Number of protein chains: 2
Amino acid sequence: MSSPKSPGPRPEPATVPAAVVSRLSLYLRELQHLVVEGAQTTNSSQLGERLGFSDAQVRKDLAYFGNFGHPGIGYRCDELISEIRRILGTDRRWTVVLVGVGNLGRALLGYRGFEPQGFSLAAAFDSDPAKVGTQVEGVEILAIDRLTEIVAERQIDLGLVAVPAAHAQAAADRLVAAGVRGIVNFAPVTLALPEGVSQVGVDLARELEQVAFAVASRLRSTES
Amino acid sequence: MSSPKSPGPRPEPATVPAAVVSRLSLYLRELQHLVVEGAQTTNSSQLGERLGFSDAQVRKDLAYFGNFGHPGIGYRCDELISEIRRILGTDRRWTVVLVGVGNLGRALLGYRGFEPQGFSLAAAFDSDPAKVGTQVEGVEILAIDRLTEIVAERQIDLGLVAVPAAHAQAAADRLVAAGVRGIVNFAPVTLALPEGVSQVGVDLARELEQVAFAVASRLRSTES
């Protein structure tokens, strides 16, 4: 489907740096914005400029996966969206369960940004009997004891861990035992997971740091 | 947007790509983990390896801001932590207010990861009279009408917007009018902000995409 650009073998997907994969999400979202704005084509300079990267960085990142440009045109937005979704694996739907229906869990159940990107929140689990059987954002809260059964029955791919830090490893262990293949962990701890189960941690302080930097930079430049 | 080569002046902070700033947060967190693990020094290879970047990338990113290595030693963890905090502006405390005490807002009020990185959640606002006057995670919920007064009185730097998408711009307008200088926006819309007010958007689908990629890559490699 994709052809390696320069001579030499394309790297195994496993060897693509995490930062490159993370930027694929940014390129995808920016391409989706461009389509909404009515654009049909774009290029590495425009994509880079909108995201604050050099055009060389954009080209180098995409070259890990193939050569998607057209001479004299650049990138066709719809085509590159399809290609990136194929690379990310989100050209099909992924089923996701949530463990932990506290405040963050409720927020995740109400988050409108998962579905358009290919993720369906299929079920949510909690250990609190008072929550079990209630509905949050149209999703029924199930007893944590039913996790194994539901993951198998609904062929769940991924898990979101939104329990307190002290319970995160136990929640992850249940998800792994039930057969999920990847976990997004919102608890501020690193999980010990077996080979073959992927993990991404979410660090909400990072965005505050980026805003702080922008503000601090402006203050420094007006002071000098 | 070209990257500076070694000789020549250091770029103005405003010209540093957002991706580099974002990686500073990762380096900082990894250095903090290393200190907890008992390490006193590290180097670009080790830092890069733990994060999935090349050592050249680590050196190039840090070179935007100065030369922090010591011949024969590498980086001193505590020193580099201080330097990165100084660069990010988090060598002082930042005061933050939250607008929107729904599920996500409650989760943010309970998030334990802000304080250690230098961010104090000083107040929270909501327009729902039923919530005003209650406490969430030790923070009193105030009427949105008091935002201007409180931001001035407590010298608030930054705002977190955690209201539904339809109300995000109005919340941001209030924050800007009150004098905050940066906003982290959790609503899935891009805010129109005046020059001089920084904005970072949070996209929770990105982490799911990264996990999906890791799982899809493994499936592809076992299938072939």
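Residues numbered from 1 in each chain as written. Chains lettered and ligands numbered in written order. Predicted model: local features only at pLDDT ≥ 70, side-chain atom pairs only at ≥ 80, totals over all residues.

*Asks:* What is the right way to read helix H5 (residues 103-110) of chain B from this model?
*Replies:* Because the α-helix completes a turn every 3.6 residues, residues three or four places apart line up on one side. Of all eight residues in H5 of chain B, seven are buried; the element is thus mostly enclosed. The secondary structure elements touched by the buried residues of H5 of chain B are helix H5 (103-110) of chain A together with strand S3 (94-99), strand S4 (119-126), strand S5 (135-136), strand S6 (139-143) and strand S7 (158-161) of chain B. (Buried ≥ 20, exposed ≤ 12 C-beta atoms within 10 Å, placed from the backbone. Helix = DSSP H or I, 4+ residues; strand = E, 2+ residues; numbered from the N terminus. Contact = placed C-beta atoms within 7 Å.)

*Asks:* Teacher, can you tell me more about the packing of helix H2 (residues 44-51) of chain A against helix H3 (residues 55-63) of chain A here?
*Replies:* When two helices pack together, their arrangement is given by the angle between their axes and by how far apart the axes lie. Residue and element names in this part refer to chain A. Viewed as axis vectors pointing N to C, H2 and H3 meet at an angle of 110 degrees, and their least axial separation amounts to 7 Å. Considering the angle they form, H2 stands roughly perpendicular to H3. Residues Ser44, Ser45, Leu47 and Gly48 of H2 form the contact with H3, whose own contacting residues are Asp55, Gln57, Val58 and Arg59. Residues belonging to the contact of H2 with H3 are distributed by class as follows: two nonpolar, four polar and two charged. (Axes fitted to C-alpha atoms, helices over the stretch in contact; angles between N-to-C directions. Parallel < 35°, antiparallel > 145°, perpendicular 65-115°, else oblique. Nonpolar A, V, L, I, M, F, W, Y, C, P; charged D, E, K, R; others polar.)

*Asks:* Sorry if this is basic, but what is going on with the sheet that holds S5 of chain B here?
*Replies:* Residues and elements named next belong to chain B. Spatially, the seven strands line up as an open sheet ordered S5-S6-S4-S3-S7-S8-S9, and their pairing is mixed. The sheet terminates laterally at S5 and strand S9 (198-201), the two strands that pair on one side only. Of the pairings in the sheet, the one linking S3 to S4 comprises six bridges and is parallel in character. From the neighbouring strand, leucine 98 faces S4, where its bridge partner is alanine 124. (Pairing = 2+ DSSP bridges.)

*Asks:* Just to check I follow, could you spell out the relation of the copies chain A and chain B for this structure?
*Replies:* Between the two copies of the chain lies a rotation about an axis combined with a shift along it. Once turned by 180 degrees and shifted 0.0 Å along the axis, chain A lies on chain B with an RMSD of 0.0 Å. Overall, the copies show the geometry of a two-fold rotation axis. Every residue of chain A has its C-alpha some distance from the rotation axis, and the shortest such distance is that of asparagine 103 of chain A, at 2.5 Å. Looking at the interface residues of chain A, 95% of them are also at the interface in chain B, so both copies use one shared face. (Least-squares fit on C-alpha atoms with pLDDT ≥ 70 in both.)

*Asks:* Help me understand helix H4 (residues 77-88) of chain B in this model?
*Replies:* Residues and elements named next belong to chain B. Helix length check: H4 (twelve residues) gives 16 Å between terminal C-alpha atoms against 16 Å at 1.5 Å per residue, within 8%. Of the positions making up H4, those classed as buried are Cys77, Leu80, Glu83, Ile84, Ile87 and Leu88. Along the axis of H4, the buried positions cluster into a sector of 130 degrees, meaning they face one direction only. (Expected span 1.5 Å × (residues − 1). Arc of directions from axis to C-beta.)

*Asks:* What exactly am I supposed to notice about the interface of chain A and chain B here?
*Replies:* The figure often quoted for interface size is the accessible area lost as the parts come together. Between chain A and chain B, the contact holds 59 residues from the first and 59 residues from the second. Within the residue set of the side of chain A that touches chain B, elements represented by two or more residues are helix H1 (18-36), H2, H5, strand S8 (182-185), strand S9 (198-201) and helix H8 (205-223) of chain A. Among the elements that take part in the side of chain A that touches chain B, H8 of chain A stands out by supplying 16 residues, more than any other. Considering only residue class, the side of chain A that touches chain B consists of 29 nonpolar, 17 polar and 13 charged.

Note that all results are geometric; they support no functional claim without further evidence.
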